[in-house]
Amino acid sequence: MAAGGTGSGGLAARYATALFELADEKKQLDEVAKDLRELKAMLAESADLRHLIRNPMLSRVDQGRAMQALLDKSGASALMQRFVGLVAQNRRLFVLPEIIEAYLAELAHRRGEASAQVVSAQPLDERQRQAVTEALKRVTGGKVAVDLKVDPSLLGGLVVKVGSRLVDSSLKTKLQRLQLAMKGVE
């Protein structure tokens, strides 16, 4: 994992590398990944939590306590709790989403998995998730780590990104293309 760079991306990569190495040393890679995915979901669902990690007016002690209570209640591992506590103490909670992404990407890379991001207009049920995962496995020819997101503005369809490839079959994009085509007819 690249540990260099400047800005929040380089900072996130350094923290993610440190967490990955600790989790690997303690044989807790999957446990930490599970905790990170749960934290990622909590961040996606809660505007208050996103505000907490980005608010410079809150003291590091208050941020640390809030994160400790949240992680304790969610049943996060001791390693995860200590790590997030350190991030809070260093006033770096604002890079937590990037740390999560960097860790999960490195885990997928080390396991030989392709990473795919699938955005849908509505949450996919288990059967749909399985169908998307199987289709991506066929396309990539191997294991795929699928990150599912929901964006109601798509109206329908999916946007799938695997590596640098992007397939946008959303209704929103199709309507935009139709609108552009109609402008050309006028």
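So, a few notes on the structure that sits alongside this text. (Residues numbered from 1 in each chain as written. Predicted model: local features only at pLDDT ≥ 70, side-chain atom pairs only at ≥ 80, totals over all residues. Heavy atoms only, no water.)

As a further point, take the overall build of the protein. Secondary structure assignment for the protein yields eight helices and four strands. Ordered by position in the sequence, the α and β elements of the protein form the string α-α-α-α-α-α-β-α-β-β-β-α. Principal axes of the C-alpha set define a box for the protein whose edges measure 60 × 40 × 35 Å. Relative to its 186 residues, the protein shows a buried fraction of 34%. Once local pairs closer than 6 in sequence are excluded, the contacts in the protein between residues at least 24 apart make up 67%. Side chains of the protein carry 28 positive and 22 negative charges; the gap between the two charge centres is 3 Å. (Helix = DSSP H or I, 4+ residues; strand = E, 2+ residues; numbered from the N terminus. Buried < 20%, exposed > 50% of the residue type's maximum accessible area, 1.4 Å probe, protein only. Contact = heavy atoms within 4.5 Å. Lys, Arg positive; Asp, Glu negative; His and termini not counted. Charge placed at Lys NZ, Arg CZ, Asp CG, Glu CD.)

Attention shifts here to the pairing of strand β3 (residues 158-162). Sheet topology places strand β1 (residues 114-120) next to β3; five bridges connect them, and they run antiparallel. Bridging across to β3, valine 119 finds its partner in valine 159. Sheet topology places β3 next to strand β4 (residues 165-168); four bridges connect them, and they run antiparallel. Pairing of valine 159 across the sheet is with aspartate 168, part of β4. Taking the residues between adjacent antiparallel strands as the criterion, β3 and β4 are bridged by two residues, where glycine 163 takes a positive phi near 60 degrees. (Pairing = 2+ DSSP bridges.)

At a minimum axis distance of 11 Å, the contact between helix α2 (residues 29-45) and helix α4 (residues 60-74) shows a crossing angle of 120 degrees. One element, α2, and the other, α4, form an angle in the oblique class. Seen along the crossing, α2 lies across α4 with a hand that is right-handed. Residues Glu38, Leu39 and Met42 of α2 touch α4, and the partners they reach there are Met67, Leu70 and Ser74. Here the contact of α2 with α4 is composed, by residue class, of four nonpolar, one polar and one charged. (Axes fitted to C-alpha atoms, helices over the stretch in contact; angles between N-to-C directions. Parallel < 35°, antiparallel > 145°, perpendicular 65-115°, else oblique. Left-handed = near helix turned anticlockwise from the far one by under 90°. Nonpolar A, V, L, I, M, F, W, Y, C, P; charged D, E, K, R; others polar.)

Turning next to a nonpolar patch on the surface. On the surface, a nonpolar cluster with roughly 480 Å² of combined accessible area is contributed by Leu155, Leu171, Leu175, Leu178 and Met182. Take leucine 155: it is sitting in the loop between β2 (144-150) and β3. With a relative accessible area of 53%, leucine 155 lands in the exposed category. (Patch = residues over 30% accessible without salt bridge, like charges linked within 9 Å, V, L, I, M, F, W, Y side chains within 5 Å. Areas by Shrake-Rupley, 256 points an atom, 1.4 Å probe, with all protein chains shown as cover. Salt bridge = Lys/Arg side-chain N within 4 Å of Asp/Glu carboxyl O.)

All told, the structure shown has two aromatic pairs when counted by the stated rule. Their ring planes at 75 degrees and their centres at 6.2 Å tell us that tyrosine 15 and phenylalanine 83 sit as a pair that is edge-to-face. Residue tyrosine 15 is found in helix α1 (residues 7-25), and its partner phenylalanine 83 is found in helix α5 (residues 78-89); the two are separated by 68 residues along the sequence. Phenylalanine 83 matches tyrosine 15 in its accessibility class, with the two residues each being buried. Here the aromatic rings of phenylalanine 20 and tyrosine 103 are separated by 5.4 Å at their centres, their planes lie at 55 degrees, and the arrangement is tilted. Placement of the pair is phenylalanine 20 in helix α1 and tyrosine 103 in helix α6 (residues 96-110), with a sequence separation of 83 residues. (Phe/Tyr/Trp six-rings, centres within 6.5 Å; stacked < 30°, edge-to-face > 60°.)

To continue, consider the environment of alanine 145. Turning to its location among the elements, alanine 145 is positioned in strand β2. In the structure, alanine 145 is positioned 28 residues away from glutamine 117 in sequence and 8.5 Å away in space, judged by C-alpha atoms. Not counting residues within four places of it along the chain, the set of residues in contact with alanine 145 comprises Ala108, Glu113, Ala114, Ser115 and Ala116.

Under the defined criterion, the tally for this structure stands at nine salt bridges. One salt bridge connects arginine 111 with aspartate 30, and the closest N-O pair in it is separated by 2.4 Å. One end of the pair, arginine 111, is in the loop between α6 and β1; the other, aspartate 30, is in helix α2, and 81 residues separate them in sequence. On the basis of relative accessibility, which here comes to 48%, the residue aspartate 30 falls in the partly exposed class. Linking glutamate 38 and lysine 34 is a salt bridge whose minimum nitrogen-to-oxygen distance equals 3.1 Å. Pair noted here: glutamate 38 and lysine 34 are both in helix α2, with a separation of four residues, about one helical turn. Classification of glutamate 38 by relative accessible area gives partly exposed; the value is 28%. We classify lysine 34 as partly exposed; its relative accessible area is 46%.

Read these as geometric descriptors, not functional statements.
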